[in-house]
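The primary structure of each chain is shown beneath.
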Amino acid sequence: MVKLLALTILFLSLNCFALEGTVTVLEAPLFSVPDETSKVIQYLRKGEYLYVHPREVETSVYNDTKFDHTSEAIKNKNPDPLFPADFLENDDPSGKFYKTISKSGNEAYILREHVFINFNDKRELEQEINSVDNTDYRISEPLPEDYPLLKQGGYKGMSSLGFGRPTFGAYNYNQNILDSGFDLAKELSFTWSRAELVNQAKRFFFGAKGSIYFGRTTYLLTAQEASQQNFRIAIGPYASYDAYRNKKTALNLSTSFQFIALDRMEITIKDSATNESEIRDFDSAFGIIMNLAGSYQVYDFFDYFDLVLGTNINILTTRTYKANDSKQDANLWGPDQYEQPFNIEINYFLGLQSYY
């Protein structure tokens, strides 16, 4: 009877000094020693309460004043045999654990990041709760269609065809340009991208983009007719972000930085009096395209394909075109190389997109 009374008094004493905490993660392990590689003796679920060792009172409201005390001073003031000399000693020098007690009555240790201490005062404002629960093994809902047979995705591909006005500069003809015209420029683009792992909502994708461009302009000169046809192939890194989306539609912003692999200008000049003409190819050795795009996407418009409507802005650097062959009729031609100035192209595109 005396032993039972003593144990009851001890239990009530410890509870008076102990702090109450709330588990903030789905499944928090209790370790036998303050070491994450040690044996796990119990698991607590999110929302469960536990008692934390009284030494955590060291984060005291008295810290706001110049009240100074040390663990040594507290030891000297606690000669009671119920509280041994090492009662307030910290056996976790790393500061990563709280000391608690398991259901079996044994000492246990829980990670501080898994517990919110219920101080019931302003000290609660100093605590941080992790935004990512690394113990939550559950799959985010809603579950993918056909789960769990569907393979892990996160990839996206798109093909598009754009139309616009060619904006490249004219060759340095040896006659004045009286008038000009153009055919619609065409650009066929392909993109492949993957959702970044840090982006759980799968809004940000990073990958590659390739494009094939064809544009044609015509010129009426003083006594000649001329045309320029530009054929261009470019490829480079690509990034896109869904700025807004719901279950059916999305507004997407994207950018790419492309290196021009092939840039050829085919120039044809015809003499109006003699009807003699000559064709020459001019190539540019290096060029860069900065692409900005915005699109409106309708999910599953064609079965598993999304409909994409948007606009492209291509910013092209200055380029130098050099002739691949010598001229046959010197009267038709100007210099064997010319400078293509910095220019901007705008086109509107229609595309299909799929996720896999």
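See the structure printed just above.
These lines cover the structure that appears in this document, whether it is placed above or below.

The rules behind the values
- Within every chain, residues take consecutive numbers counted from 1 along the sequence as written.
- pLDDT decides what is reported in this predicted model: residues at 70 or higher carry local features, side-chain atom pairs at 80 or more are listed and counted, and totals for whole chains, interfaces and linings draw on all residues regardless.
- With hydrogens and water stripped out, all remaining heavy atoms of the structure feed into the side-chain values.
- Numbered from the N terminus, helices here are DSSP runs of H or I no shorter than four residues, and strands are runs of E no shorter than two.
- Partly exposed residues are those whose accessible area sits between 20% and 50% of the maximum for their type, while under 20% is buried and over 50% is exposed, using a 1.4 Å probe and protein chains only.
- Residue contacts are counted whenever heavy atoms from the two residues lie within 4.5 Å of one another.
- Here the Shrake-Rupley method, with its probe set to 1.4 Å, supplies the accessible areas, and only the displayed protein chains count as covering residues.
- The criterion for strand pairing is that DSSP finds at least two bridges linking the strands in question.
- What is meant by a nonpolar core is a set of buried Ala, Val, Leu, Ile, Met, Phe, Trp, Tyr and Cys residues, joined one to another through side-chain atoms within 4.5 Å.
- Within 6.5 Å between ring centres, the rings of Phe, Tyr and Trp (the latter by its six-membered ring) count as paired, and their orientation is classed by plane angle as stacked under 30 degrees, edge-to-face over 60, tilted in between.
- Polar contact is defined as a pair of N or O atoms within 3.5 Å, subject to the rule that within protein one atom must be able to donate a hydrogen and the other to accept it, and that residues adjacent in sequence are counted only when both atoms are side-chain atoms.
- The method works on a 1 Å grid over the protein atoms by themselves. A cavity is a set of points holding a 1.4 Å probe that cannot get out, a pocket is an open set with protein on both sides within 12 Å along at least five of seven lines, and residues with an atom within 4 Å of a point line them.
- Grid points are joined across faces, edges and corners, and a volume is the space filled by probe spheres set on the points.
- Gly falls in the polar group here, along with every residue not listed as nonpolar (Ala, Val, Leu, Ile, Met, Phe, Trp, Tyr, Cys, Pro) or charged (Asp, Glu, Lys, Arg).

Focus: the overall build of the protein chain
Along the backbone of the protein chain there are two helices and 18 strands. Across the 356 residues in the protein chain, those meeting the buried criterion constitute 37%. Across the protein chain, contacts joining residues at least 24 apart in sequence account for 69% of those joining residues at least 6 apart. A total accessible area of about 21,900 Å² is found for the protein chain, and carbon and sulfur atoms account for 59% of it.

Here's the deal with the environment of Pro 237
For Pro 237, the position within the fold is in strand β11 (residues 224–245). Among the residues examined, Pro 237 registers a relative accessible area of 37% and is labelled partly exposed. Taking the C-alpha atoms as reference, Pro 237 lies 9.7 Å from Trp 192; in sequence the two are 45 residues apart. Those residues in contact with Pro 237, other than ones at most four positions away along the chain, are Phe 206, Gly 207, Ala 208, Thr 255, Ser 256 and Phe 257.

A short note on the pairing of strand β9 (residues 177–195)
With 10 bridges joining them, strand β8 (residues 155–164) and β9 adopt antiparallel strand pairing. Residue pairing across strands places Gly 162 opposite Glu 187, the latter belonging to β9.

What to know about the nonpolar core
One finds Tyr 171, Tyr 173, Ile 267, Ile 269 and Phe 282 to be the most contacted residues of the largest nonpolar core, which totals 16 residues. Looking at this core, the elements that each hand over two or more residues are β10 (204–221) and β12 (249–271).

A word on the packing of aromatic side chains
As enumerated under the stated definition, the model contains 15 aromatic pairs in all. An angle of 50 degrees between the planes, with centres 5.4 Å apart, marks the rings of Tyr 171 and Phe 282 as tilted. In this pair, Tyr 171 sits in the loop between β8 and β9 while Phe 282 sits in strand β13 (residues 277–284), placing the two residues 111 residues apart along the sequence. Since its relative accessible area comes to 0%, Phe 282 is described here as buried. Taking the centre distance of 6.2 Å and the plane angle of 65 degrees together, the rings of Phe 205 and Tyr 355 count as edge-to-face.

A few points about the side chain of Ser 102
You can see Ser 102 is positioned in the loop between β5 (97–101) and β6 (107–111). When its relative accessible area of 7% is taken as the criterion, Ser 102 is described as buried. In this structure the side chain of Ser 102 is engaged in a polar contact, spanning 2.9 Å, whose partner is the side chain of Ser 104. Not counting residues up to four positions away in its chain, the partners in contact with Ser 102 are Leu 30, Ile 41, Gln 42 and Ala 108.

Description of unusual backbone geometry
Of note in the backbone geometry, Asp 300 takes a positive phi value of approximately 50 degrees without being a glycine. Within the element layout of this structure, Asp 300 appears in strand β14 (residues 288–302). At Asp 303, a residue that is not glycine, the phi angle is positive and equals roughly 60 degrees.

Let's talk about empty space enclosed by the protein
In this structure the tally under the stated criterion is two cavities of 30 Å³ or more. Each pocket or cavity is described by its volume, and for the largest cavity that value is around 130 Å³. Along its surface, the largest cavity is lined by 16 residues, and Met 158, Tyr 238, Ser 254, Ala 293 and Phe 349 are the ones closest to its centre. For the lining of the largest cavity, the secondary-structure elements that each account for two or more residues are β8, β9, β12, β14 and β18 (343–355). Broken down by element, the lining of the largest cavity gets its largest block of residues, four residues, from β14. Residue composition of the lining of the largest cavity, grouped by class: four nonpolar, 10 polar and two charged. Here the second largest cavity is characterised by a volume of approximately 50 Å³.

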